[in-house]
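One letter stands for each residue in the lines below.
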Amino acid sequence: MRLSLDKVELEIARLWEEEARRSRATRVELMTLVALVSESHLLDRARDVVQRVARAYPLRTVLASWTDSDRPAITAEVALHRPSPEGAACGDAISVEATGSAREWLPENAERLALPDLPMCVWWVGDLPDYDRLFDRMARAADLVVVNSEEMDLRDLEKLSTVSARVRHTCAFSDLAWIRLRTMQELVARFFDDAAGRECVRSLERVTIEFSPRGGEKDVASTQAGLLFGWMANALSMRAEGVQWKRGPTWGEATLGKVVARFVHHPRTDVPPGSILRVSIECDGARFDIERQDDPRVLRWSRETPGAPVSPQTIGVDIAEEAGLLVRCLERPRRDFLFENSLHLGSRIVRPIAPRLSSLPRPL
Amino acid sequence: MTTDNPFRVGLETERIPDACVFVIFGASGDLTRRKLVPALYNLAASRLLPPGMSIVGFALTETTEEQFRQSMRDAVGQFSRRKPIDEAVWGDFVSRLHYVSGRFEEPASYTRLREKLEFLDKTNGTRGNRIYYLAIPPSVFRTVNDNLAAAGMVAEEGGRYARVVIEKPFGRDLASAEALNTDLHKVLQEKQIFRIDHYLGKETVQNIVALRFGNAIFEPLWNRNHIDHVQITAAEDIGVEGRGKFYEEAGASRDIVQNHLLQLLMVTAMEPPVAFTADEVRDEKVKVLRALKPIRGDDVKRLTVRGQYGPGNFAGQPVPGYRQEPNVSERSTVETFVAMRLEMDNWRFAGVPIYVRAGKRLAKRCTEISVHFKNVPHALLTQGAPGPGADGSRIEPDVLAIRIQPDEGITLRFAAKVPGPSMVLRPVTMDFRYGSAFGGSGPEAYERLILDALLGDPTLFARADEVTAAWRLMTPILQEWEREHLADLPIYPAGTWGPPAAFELIERDGRAWRRL
Ligand SMILES: NC(=O)c1ccc[n+]([C@@H]2O[C@H](COP(=O)([O-])OP(=O)(O)OC[C@H]3O[C@@H](n4cnc5c(N)ncnc54)[C@H](OP(=O)(O)O)[C@@H]3O)[C@@H](O)[C@H]2O)c1
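The residue numbers shown here count from 1 along each chain, following its written sequence. As a convention, the first chain written is A and the first ligand written is 1, with the rest following in written order. The predicted nature of this model means local features are confined to residues of pLDDT at least 70 and side-chain atom pairs, given and counted, to a pLDDT of 80 or more, with totals for whole chains, interfaces and linings taken over all residues. As a rule here, side-chain values come from all non-hydrogen atoms in the structure, and water together with hydrogens is ignored.

Participant: Even after reading the chapter, I still don't get the sheet that holds strand S13 (residues 276–283) of chain A, so can you show me in this structure?
Facilitator: Two pairing modes exist for strands in a sheet, parallel and antiparallel, and in both the strands are linked by backbone hydrogen bonds. Residue and element names in this part refer to chain A. Here a strand pair is declared whenever DSSP counts at least two bridges between the two strands. Secondary structure counts use DSSP, requiring at least four H or I residues in a row for a helix and at least two E residues in a row for a strand, with both numbered from the N terminus. Reading across the sheet, the eight strands line up as S10-S11-S12-S9-S13-S14-S15-S16 and stay open at both edges, with mixed pairing between neighbours. Strands at the two margins of the open sheet, each flanked by one partner only, are strand S10 (244–248) and strand S16 (313–316). Going across the sheet, the axis of each strand differs from the next one's by a mean of 15°, ignoring polarity. The pairing of strand S14 (residues 286–292) with strand S15 (residues 298–304) spans six bridges and is classified as antiparallel. Bridge pairing links Ile290 to Trp301 in S15. Here, axes are lines fitted to C-alpha atoms. For helices the fit covers the stretch in contact, and angles between N-to-C directions go from 0 to 180 degrees.

See the structure below:
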């Protein structure tokens, strides 16, 4: 049953009252997640993701989509999230549909539907258009805005970097591709935890990042690979100025001062598009490797540092789905300076080889 | 510990321990199987163990490394919070596991152990760093420490560390606790000693600190002006569960009151530390114990109650009494229940009674701290709830309850108006449950504590002066009980809330135990 927006809270209260009679569920909600579905074919996927998120993290979800029409209106449907059809309720599920020019009213109405006094997170589902006023207005209302650059082209890193700089005083900004990189970052950092590893940092010469490209991708690096190298370059205080690129059909090589970074395509169907398959680091006589095995959930971590042996390790890793990444993102709804800096530097490093944007997003 | 790795800056895990060899003394024992190895496995699964770290089991039993690894796999399968075993994690974890058999009293065993550890240093880059986890009976603590020192295995030289983790009991009374500390300090510095009290590793206990010092609204009320009294309960519904022999030596006071219960009290009553660092926190905690009024002589009878469970029921099924349990004497006078009325002599809490109780075979399993606030100064409005206040003369005071287990959470009880034309109030509760708010299962206490020991952070471990201060409170009580006649030990039926004297203890002050 579609409701007018002023009836939504009443209906939710009624559903919880009904729930109190059938189960011992306590109503705990820690934030509102607004999923803005930018393309209609993504609606089912987004619905599935918010349902999974609500099972892991108690929240109110507002799934917002829009269709063309001459009659501007926003209406809603309301239900409760449940871990299973018989399970006790674990959050409010609101779907809103804007028709025609009512899309413009979504920001204020999303805020109206948000839980009072609790953080609001906006997840932009799908590719980010070069410029969209709705995105910026939502960012003003939100505490955290999440995108997924796994679905974007390499050139979009620059767009994201501009957006992140633009919204940084209004909300935190995050990227699911960045969240996915955490495991790799953790494993890279491990190489340099002890004195023998740290010794090598200064003499770092070569980094190779192998990744599985998206279907039909022509870019030399995936957004994840670009972000990963941006993070490394940021940690090592490298600069993007004067970067020199060479490229072949399935590889690209950037020279930044005395460091060479090589990006290599290696298509695999058993990992999400853009995923990192191998990271190798070479320093004066030492070598550090992380390599995804035939089983994509297993990484081999090995280090050869003269005089400081460490046995190689096989490490089981999750290949998180979008919902899992989003939950991790929501656990820390605050500005992530490391991401902002890595994105900024990474996007500048890859700029020479990423097809330019027709126009960069306009300022707020 | 890592501080200057540029790749760690800003990552979620900013602290990773330096690689070491983790040696478990008593590796064939119960604690190793049920807690230590499952906790280490879970740390490995969370990728919190440093690469190169090895785990070496050491015990009397002759067994091959292969058999040891297999038995640890069974233990992980049975006791780990993550099920089933993740083969990729296990594959790496098992390659870290080693075993050496030996006798704690025999110096030659230490030579063998040392050779093994040095071999692992060479192959794995652990550079002489050691954690010795003593999962062993207290009777051999001293032997093991002396032999480790004699073999030169605890010296911290050339930047390497050697830490010794010990399990309770830390003595049986003040004299033996002081003797144990003296023995330990002969061969180790205090900073090398990590005394485990697993209650401090519990998320909910750490949350007391978060509640008090991470919020501005509670601390202004956290004093004698607003608090009427505090209750701390650690109730178990099970009996001694086959641990009769151990319990005959310990009793509830040594098993739980002297350590866990007093730790809860310290965290509840301590002043805000200047910083959340090991010594600052522990300085404040120990001040709480020092401020507790000693209970001696005749006061013991007045302010403490002990009891022992007799036959009764557990969840509606008949169960035997303590004296009928295996390995328990038929005439045992060991207490399975303790209640005490404590008071602190300090500026913040002077005159605020703290009622504590702990026991086995009580009506329900529940560990909880409840802070009972003073009543409104003037009964302007009337109470409509059933119970003693139903005559309209009294409003039930507000209570903040912090549940440690099970169903971890915080409840605030306050008065609200009953809907209707008249101004009648009723107590209602506002509930926060960890499970619903954060979902999933957090790390177990042993995981947190082992990680902290690896990182060399002793904040959540008991310091020598904490242990002796706790014994200073408990020892005169235990001595007085020993002098009392056997017939004075009250027996309570299993499945009830302890002997009637426990109710009298609080009711004579015009108060009552909170219903749990
Ligand atoms: N179990 C628990 O849940 C628990 C909880 C809190 C505290 N604790 C404390 O943790 C410690 C260990 O408890 P536990 O229950 O694991 O004890 P346990 O099952 O009796 O194990 C004792 C271990 O010590 C070894 N051992 C004893 N004497 C030895 C000697 N002379 N030489 C070589 N090895 C010797 C035994 O080896 P063999 O088996 O090879 O003989 C066994 O591995 C105790 O201090 C206990 O109070 C235990």
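Next comes the rest of the description.
Participant: I keep staring at the nonpolar core and nothing clicks. Help me out?
Facilitator: Within soluble globular proteins, side chains that are nonpolar generally end up buried alongside one another. By convention a nonpolar core is built from buried Ala, Val, Leu, Ile, Met, Phe, Trp, Tyr and Cys residues, the set being connected through side-chain atoms within 4.5 Å. For every residue, the accessible area obtained with a 1.4 Å probe (protein chains only) is divided by the maximum for its type, and the residue is called buried under 20%, exposed over 50%, and partly exposed between those limits. Ranked by internal contacts, the top residues of the largest apolar core, which has 151 residues, are Phe22(B), Phe25(B), Phe93(B) and Tyr132(B). Top contributing element to this core by residue count: helix H8 (residues 244–269) of chain B, with 11 residues. Residues lining this core come from more than one domain, with at least three contributed by each of domain 1 (21–167) and domain 2 (201–375 + 439–452 + 463–507) of chain B. Contacts are assigned to residue pairs with any non-hydrogen atoms lying within 4.5 Å of each other. In this structure Phe93(B) touches Val37(B), Leu40(B), Tyr41(B), Ala44(B), Leu49(B) and Ile55(B), once residues within four positions along its chain are discounted. Listed in part, the 128 residues of the second largest apolar core include Val34(A), Ala89(A), Val188(A) and Phe339(A). Domain start and end points were adopted from an automatic or database domain assignment.

Participant: What is the right way to look at the domain arrangement of chain B in this model?
Facilitator: The figure often quoted for interface size is the accessible area lost as the parts come together. All names here are of chain B. We note that the domain assignment places domain 1 (21–167) and domain 2 (201–375 + 439–452 + 463–507) within chain B. Summing the contributions of domain 1 and of domain 2, the shared interface buries around 930 Å²; its carbon and sulfur component is 65%. Reported buried area values correspond to the accessible surface (1.4 Å probe) lost by two parts on association, with both partners' losses combined. Of all residues in domain 1, Lys35, Leu43 and Arg81 bury the most surface against domain 2, accounting for 52% of the area lost on that side. A side-chain nitrogen of Lys or Arg and a carboxyl oxygen of Asp or Glu constitute a salt bridge if their distance falls within 4 Å. There are one salt bridge connecting domain 1 and domain 2. Between Arg81 and Glu447 there is a salt bridge; the shortest N-O distance is 2.8 Å. As used in this structure description, the phrase polar contact means that two N or O atoms lie within 3.5 Å; if the pair is within protein, one of them must be able to donate a hydrogen and the other to accept it, and residues adjacent in sequence are counted only when both atoms belong to side chains. Where domain 1 touches domain 2, the interface holds three residue pairs in polar contact (both at pLDDT 80 or more). The element contributing the most residues to the side of domain 1 that touches domain 2 is helix H1 (residues 30–45), with seven residues. Residues are grouped as follows: nonpolar covers Ala, Val, Leu, Ile, Met, Phe, Trp, Tyr, Cys and Pro; charged covers Asp, Glu, Lys and Arg; every other residue, Gly included, is treated as polar. Residue classes in the side of domain 1 that touches domain 2 are distributed as eight nonpolar, one polar and three charged.

Participant: Honestly, the packing of aromatic side chains in this entry has me stumped. Any pointers?
Facilitator: Both the distance between ring centres and the angle between the ring planes are used here to describe each pair of aromatic rings. All names here are of chain B. Each pair of aromatic rings taken from Phe, Tyr and Trp, with Trp reduced to its six-membered ring, is defined by centres within 6.5 Å and is described as stacked if the planes are under 30 degrees apart, edge-to-face if over 60, and tilted in the remaining cases. By the definition in use, this model includes 29 aromatic pairs over all chains. Where Phe25 meets Phe58, the ring centres are 5.0 Å apart and the plane angle is 85°; that geometry is what we call edge-to-face. Residue Phe25 is found in strand S1 (residues 21–25), and its partner Phe58 is found in strand S2 (residues 54–59); the two are separated by 33 residues along the sequence. We note that Phe25, like Phe58, is buried. With 4.9 Å between their ring centres and 40° between their planes, Phe68 and Tyr99 make a pair best called tilted. Taken together, the residues span a long stretch of sequence, with Phe68 in helix H2 (residues 65–79) and Tyr99 in strand S3 (residues 97–101) at a distance of 31 residues. Relative accessible area serves as the criterion here: at 7%, Tyr99 is assigned to the buried category.

Participant: Explain the site of the ligand to me, please; I cannot follow it from the model alone.
Facilitator: All names here are of chain B. Close contacts around the ligand come from 21 residues, with Ser28, Asp30, Arg34, Thr61 and Ile136 the closest. Phe104 places a polar main-chain atom, nitrogen or oxygen, 3.0 Å from a nitrogen atom of the ligand. The protein chains shown are the only cover counted for residues, whose accessible areas, like all others here, come from Shrake-Rupley with a 1.4 Å probe. If the ligand stood free it would expose 900 Å²; the protein chains cover 77% of that surface. In terms of residues, the shell around the ligand owes the most to one element, H1, which gives three residues. Of the residues belonging to the shell around the ligand, the class tally is 10 nonpolar, five polar and six charged. The criterion for a residue being near a molecule or strand is simple. One of its heavy atoms has to lie within 4 Å of it.

Participant: Could you clarify how one ought to interpret the interface of chain B and chain A in this entry?
Facilitator: At the interface, 29 residues of chain B touch 33 residues of chain A. Across the interface of chain B and chain A, roughly 2800 Å² is buried in total on both sides, 52% from carbon and sulfur atoms. For the salt bridge of Arg8(B) with Asp193(A), the shortest nitrogen-to-oxygen distance reads 2.8 Å. At the surface where chain B touches chain A, the tally comes to 12 residue pairs in polar contact (both at pLDDT 80 or more). Counting residues per element, the ones that place at least two in the side of chain B that touches chain A are helix H3 (87–94), helix H4 (107–124) and helix H11 (434–438) of chain B. Classifying every residue of the side of chain B that touches chain A gives 11 nonpolar, nine polar and nine charged.

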